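# Residue-level structural notes
One-letter residues, chain by chain:
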Amino acid sequence: MFGLMDEFLKNDPVSLQKDILDHVEYTVARSRFSFDDFEAYQALSHSVRDRLIERWHDTHQYFKKKDPKRLYFLSLEFLMGRSLSNSVINLGIRDQYADALNQLGFDFEVLAEQEGDAALGNGGLARLSACQMDSLATLNYPAWGYGLRYQYGLFRQIILDGFQLEQPDYWLNFGNPWEIERVHVSYPVKFYGTVEDEGLNGEKMKVWIPGETVEAVAYDNPLPGYDTRNAINLRLWAAKPSGQYDMESYNTGDYISAVVDRQKAETISNVLYPDDRSYQGKELRLKQQYFFVSASLQDIIRRFKDSHDNFDDFPDKVALQINDTHPSIAIAEVMRVLIDEEHLSWNKAWDIACKIFSFTTHSVQPEGLEKIPVDLLGNVLPRHLQIIYDINYNFMEELKKKIGQDYDRLSRMSIIEEGGVKSIRMANLSIACCHTVNGVSRVHLELLKMRVFKDFYELWPQKFQYKTNGVTQRRWMVVSNPNLCSLISKWLGTESWIRNIDLLAGLQQYASDPDLQYEWEMAKKVNKMRLAEYIETLSGVKVSIDAMFDVQIKRIHEYKRQLLNILGIIHRYDCIKNMEKSDRRRVVPRVCIIGGKAAPGYDIAKKIIKLCHAVAETINNDADIRDLLKLVFIPDYNVSVAELVIPGSDLSQHISTAGHEASGTGSMKFLMNGCLLLATYDGATIEITEEIGADNMFLFGAKVNDVPALRKKGAELKAPLQFARVVRMVRDGYFGFKDYFKSLCDTVEDGKDFYLLGYDFASYLEAQAAADRAFVDKEKWTRMSILSTAGSGKFSSDRTIEEYAKETWGIEPCKCPF
Ligand code: 26Q
C-alpha cells in the first residue's frame, strides 16, 4: 500500500511552481502568463489541496487496515476560518511555497489574504470544535468530524451610523477549494409521516412511513495534522432534492409545482442559526439537527458494517461525541435504527447507546437549555417521539426505585416537561443516555453539579466530569504570530513546543533577561503596527502604537459585560477632561478596541454596539484628548480578524459576571500571545490564574459564590457614585441618542442590575489602574507578558483532547507511517 512512496507529489520550489502554474491553466482556466492575486490564490490552494488529499487517502486506508475504535465528533457548528496558511504550516511546506511564489513574483501572505473565512458557527463552541479537530489530527487520533455545510455562514456585520446591520454570508460564491464534493456518498433522510404497527414473524413492530425524503450529500474537508502524515476528515452534509420522486404529482400534470417542492428540500442546509440561546422550537432548526445526525449515523453504521457483522462490537469501535445538546436527537436515532432496522431488542439497543455516547455542555444557564415542543417533534419525527417517551418511561421507573415517590424531583428530572408548551428537554435526554457529561472548565463542572444538573449529579455522580477547554497553538501562535514564534523557538532552541506545548515553560527562566525582553517588545511592536494600519484603514482613526492596546473581542452579550468596559472608558474620558492640563502627562495613553457580533434579535446587545460607536465619536473627535484615549469598534469580527488583533494587543478583557462564562477560550489565545489579562474569576480564568499566578494578571470583581447573595440584596446594593455618574452621562444624552439608550441604562439601575456592573465597577477601575501602573514599568510589563506565554501550556487543545481520548472516548492514536 505504501510502495508508491516515491510517486508522491514533490515539494521542491521548481515542482511547486510548475504545479501552481498548471492549476492556473487547467483548474482556474487562466493563462499562465496573466493571472491576478485571487487567481493565484485559487491555483495555490488547489496545489496544496492535492498534497492534502494524498495524506488523507493514506490516513484513511491506514485506519481501514488497522480498524481502531474511532471517534465521531458531531457538531452543528465548526468555525474553521481560513485554511491556506494553516494547511501549509501543518504539512510543513510553508517556506517551500513562499519561495516558489516569490520566484513567480507573488507574496504568500498577500495571497493568503485573498481567502474568505469559513464561518459555519457562532462563537466559542464552534471555534472550540475547530481547535479540537486540529489537535485530533496532530495527535493521530482516528477521528471524524460531522456537521452541516451551510450555504450561508454566520451573518456579516455591517455598521451603519453606529448600528449593526446583518448581511448574508454567501461564502461559497467564489468556490471553495478546501472541500471535495462526494456525489456518490449520499443518504436519504426522512421526515414527517406516520408510524404504524405491523407484525413481523409474530412480533409487533413499529413501522415509520415517512412523508418527505431529502438527500444528504457529503462534502469532505481534509484536515492535516502538524508534523505527521495523518489528515483526518470533516464531513459536512448538504441537502439535495431526493432521487425518489412523488410520481403522482408529476403524473397529475403539476410538473412545475412538483419541481418547486423538490427544490425546497435544499433549504435545510441553507443557513446557520445565529446563537440566540432563547430562540427555540423552530421546525427548520430541528430538521437541520436531524438531517445531519441521520446522514452521519447512516455513514458511521455503513462503515462499521463493512468489517463487522455483530452490533455487540459497536461500542468497541465507535465513540460518538455530542457537542452540546444540538445533535442529541442522535440518541433517539440510534435507538430507532438498532430496533426498527437492525431488529435488536430494546434492552440491547439501549445498552449500546449508553456505551457509545458522551456529551459536553457549554452552557451555564438552565434557561439556555434546549427544549423541543412535543407537537413539533411528533410532527417532524413521529417515531423518535415514541422512542423518547419509552426512554423516559424506563428512566422514570428506574428513578422511582432509587428515590421513591418524590414527584417534584421526578418532574424536574423527567425528559418531558409538562406545562404550557409540553416539551422534550434535550439535556435531560442526553444525561440519561450518555456515559459521561463533561463541563468545559473546573468551575463550570461545580455549577453543573450544584445548580444546573444537581438532581442528576446526585443520582449519577460518576458521569459528571470536566475537561478544561484549550485552543490550538498551531493556528493561534504559528499561523497568526510568526514573529513571536521564531523568537520563542530561538530562545528554546527548538520548534518542538508547536507539538509539545509544555516546553513553553522553558521561557520562564529568561523572563527578566534584557535581550529576550528587547526582542519580545520588538515583536509586539511590529504586530501593533500591523493592527494600527488595519484600524486606520477600517475606521480612519489614527492610533499611536506607544499607547496600550486594550482589547475586548467576543460575541456581544450582557453577561460578557462589554457595557462595563464602555462605562469604564467613559469614566476614563471624564477623568481626563476634569484634570489639570499638567496632570495629563501622567495619564497612560490607551487605544480601546471592541469587536463582536450581536444576535440579530438581541436588542440590548445591539444597543451596546451603538453606545460604543456614540462614545467613540465623542472621544475620538475631542481635540482636547488627543492620543490619551481612543476607542475603536472593529466591525465583522471573525476568526481571521482575531488572528490579526490578538498578536497586536497588550491587554485583553474577560470580564463576565462570575458564574456566567462556562469556560471562555479567547483568553487562552491572548495568553499564548503574551497579552496580559484583565479578568474576573470566572470559567477557565480561574485555572489560568493558577498557572501563571494572580500577580501576572489584573483580577477583580465578585467571585462565583458571592453572586447569588449579592443578587438577593437587590436595590440595597448601591452602585458607587462614579458608576451612577457615568450612567447618568449616557442617560442625559451626553453621547446623543438619549431615548434609544434609556432601556440600556435601565438594565444597570440599582435593584435591576442583574449582571452586577455597579457592584463590580470600583474594583474594575482599580484593576485598570493597576494595568496602567504596570504598563509604564516596561521591564515589569514585559516580564509579565513573557510569563503569560510561558504559563499558557495547559490551555492547548492538545491537552484537552488527550484527556477526552483517555477518560471519555477510550481511543488510541493510529499514526499513519510516512
Ligand atoms: C441554540 C438554539 C437555536 C439556535 C442557536 C443555538 C445556539 C447556538 C450556539 C446556542 C448556543 C450556541 C453556542 C454556545 C457557545 O458558544 N458557548 C460557549 O462555548 C465555549 C466553548 O466551550 C465556552 O468557552 C463559552 O464559555 C461558552 O459560552
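Computed from a predicted structure; not experimentally measured. (Residues numbered from 1 in each chain as written. Predicted model: local features only at pLDDT ≥ 70, side-chain atom pairs only at ≥ 80, totals over all residues.)

Positive phi is not limited to glycine here, since A29 has a value of about 60°. The topology assignment puts A29 in the loop between α1 (13-26) and α2 (37-66). Overall, A29 belongs to the exposed group, with 9 C-beta atoms counted inside 10 Å. For D324, which is not a glycine, the phi torsion comes out positive at approximately 60°. Here D324 shows up in the loop between β12 (318-323) and α11 (329-341). (Helix = DSSP H or I, 4+ residues; strand = E, 2+ residues; numbered from the N terminus. Buried ≥ 20, exposed ≤ 12 C-beta atoms within 10 Å, placed from the backbone.)

What follows deals with the pairing of β12. With 6 of 6 residues buried, β12 is to be regarded as a mostly interior element. Burial along β12 is two-sided: V318, L320 and I322 facing one way and A319, Q321 and N323 facing the other are all buried. As paired elements, strand β1 (residues 70-74) and β12 share 5 bridges and run parallel to each other. For F73, the partnering residue across the bridge sits in β12 and is Q321. (Pairing = 2+ DSSP bridges.)

Our focus in this paragraph is the sheet that holds strand β19 (residues 548-553). The parallel open sheet is built from 6 strands, whose spatial order is β21-β20-β19-β22-β23-β24. Taken across any chain shown, the strands that pair with only one partner, and hence form the sheet edges, are β21 (629-634) and β24 (698-700). For this sheet, the mean inter-axis angle between neighbouring strands, taken without regard to orientation, is 15°. Strand direction decides the pairing type here: strand β23 (residues 676-680) and β24, joined by 3 bridges, are parallel. (Axes fitted to C-alpha atoms, helices over the stretch in contact; angles between N-to-C directions.)

A few words on the site of the ligand. As a structural note, the neighbourhood of the ligand is formed by 21 residues, with G124, L125, D275, H362 and S663 the closest of them. Among the elements that take part in the shell around the ligand, helix α6 (residues 124-138) stands out by supplying 3 residues, more than any other. (Near = placed C-beta within 6 Å.)

On to the nonpolar core. Proteins that are soluble and globular tend to have nonpolar side chains buried together. In terms of nonpolar packing, the biggest core is built from 234 residues, with Y72, F291, M335, A353 and V615 touching the most fellow members. The biggest single contributor to this core is helix α23 (residues 603-620), with 9 residues. Look past the residues within four positions of A353 in its chain and what remains in contact with it is I331, V334, M335 and C433. (Core = buried A, V, L, I, M, F, W, Y, C linked by C-beta atoms within 7 Å. Contact = placed C-beta atoms within 7 Å.)

Here we come to helix α20 (residues 482-492). When we look at burial in α20, the residues that qualify are L484, C485 and I488. Axial view of α20: buried residues confined to an arc of 100°, hence all on one face. Of the surrounding secondary structure, the elements contacted by the buried residues of α20 are α19 (473-479) and α21 (514-539). Directly beyond the C-terminal end of α20, a positive phi value near 70° is found at G493. (Arc of directions from axis to C-beta.)

In terms of burial, helix α3 (residues 84-91) is largely enclosed, as 8 of its 8 residues are buried. Considered for burial, the residues of α3 that qualify are L84, S85, N86, S87, V88, I89, N90 and L91. If you follow the buried residues of α3, they end up packed against α2, α4 (94-104), α5 (108-112), β10 (212-224) and α19. G92 sits one or two positions beyond α3 and adopts a positive phi of about 75°.

With that settled, the discussion passes to the sheet that holds strand β14 (residues 371-373). Pairing is antiparallel across the open sheet formed by 3 strands, whose spatial order is β14-β16-β15. Two strands bound the open sheet, and with one partner strand each, they are β14 and β15 (416-417). Of the strand pairs in this sheet, β14 and strand β16 (residues 423-425) are connected by 3 bridges, and their pairing is antiparallel. If you follow K371 over to β16, its bridge partner there is R425. Strands in contact with helix α16 (residues 426-433) are β14 and β16; relative to β16, the strand with the most contacts, it is inclined by about 45°.

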